[in-house]
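# Inside the fold
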Amino acid sequence: GACTVDGLISAAKKFNMNTTGQIKEVAEGSSIASGDGIYAIMKNSGSIEYTNSNRADTVNPLDAPEKIPSDQDAEKIATKFLKDRNLLPDGAEYIGTEHNKIYRLGENGNDIVVYDAVEVWYGRMLNDLKVSGTQISIVIGGGGDIIDYYSNWRDYEPYKELPIKSPEKAFSELKNRGVSVGMNNPDKVSIDDVYLAYHTKPGAENEEYLEPIWMFKGNMIVDGKAGDSVEA
């Protein structure tokens, strides 16, 4: 739901934050800082962020690589934490994990991992379609501690059925518009997967309707070989 100061305080308490900290209200929502580098932000769109800035993406002794739980344990810790605090909505599905590592160059020229944390991701399906952009991510640091959390998860209710454009029409529009390739300069782009999905607006934006889109996935072709992946 939309942001309220009470909602923000209640969210902050779920992360064991000291909620007597200073609450700031700005146009896009509210934030609360507990004065020791830990803060929570709630946007008017309903997205919530929590960060322990002393530890998230910051080299520190607590989050050295040898202190990080396995991916399997991280998933169990994250799921239990979210369920215990009513932060895992109905329909949330575990997607996978990724590691947020920081490297330092060693004396022999090899990269040494000096920081690690496991990010656990959850997503959702609606009407058997993936809802791209709707997500919950929670970062597990050393000792199984929760050091970062982000949720962009809105409640939807059916509106009405409307016709959708054909994949052929969507593909011809894509060809006219082109695909973003960033700083790359491929010979061409090869699309090998197309599917229908919903696409949530980013957490900072308000959203009135959730509409289906055609997703196109493929690769950049450089010197006849498949390079980086593309998505449009």
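Please refer to the structure placed before this passage.
About the thresholds
- Residues numbered from 1 in each chain as written.
- Predicted model: local features only at pLDDT ≥ 70, side-chain atom pairs only at ≥ 80, totals over all residues.
- Heavy atoms only, no water.
- Salt bridge = Lys/Arg side-chain N within 4 Å of Asp/Glu carboxyl O.
- Helix = DSSP H or I, 4+ residues; strand = E, 2+ residues; numbered from the N terminus.
- Phe/Tyr/Trp six-rings, centres within 6.5 Å; stacked < 30°, edge-to-face > 60°.
- Buried < 20%, exposed > 50% of the residue type's maximum accessible area, 1.4 Å probe, protein only.
- Pairing = 2+ DSSP bridges.

## What about the pattern of salt bridges?
Enumeration over the complete set of coordinates arrives at eight salt bridges. A salt bridge links D63 to R55; its shortest N-O distance comes to 2.7 Å. One salt bridge in this structure joins D145 and R55, with 2.8 Å as the shortest N-O distance. On the criterion of sequence distance, the pair formed by D145 in the loop between β11 (135–140) and β12 (146–152) and R55 in the loop between β4 (48–52) and α2 (71–84) is long-range, its members being 90 residues apart. Bridged by salt links that share partners, the residues R55, D63 and D145 form one connected network.

## Overview of the packing of aromatic side chains
In this structure the tally under the stated criterion is six aromatic pairs. On the numbers, 4.4 Å between centres and 10° between planes, the contact of F15 with Y50 is stacked. Placement of F15 in the loop between α1 (5–14) and β1 (22–26) and of Y50 in strand β4 is noted, with a sequence separation of 35 residues between them. Assessed through its relative accessible area of 7%, F15 is described here as buried. Here a set of aromatic residues connected by ring pairs shows up, and it is made of F15, Y50, F81 and Y149.

## Here's the deal with the pairing of strand β7 (residues 111–115)
Where strand β6 (residues 102–105) and β7 come together, four bridges link them in antiparallel fashion. Counted as the bridge partner of R104 is I112 from β7. The antiparallel pairing of β6 with β7 creates a hairpin that spans five residues between the two strands, and G109 there sits at a positive phi of about 85°.

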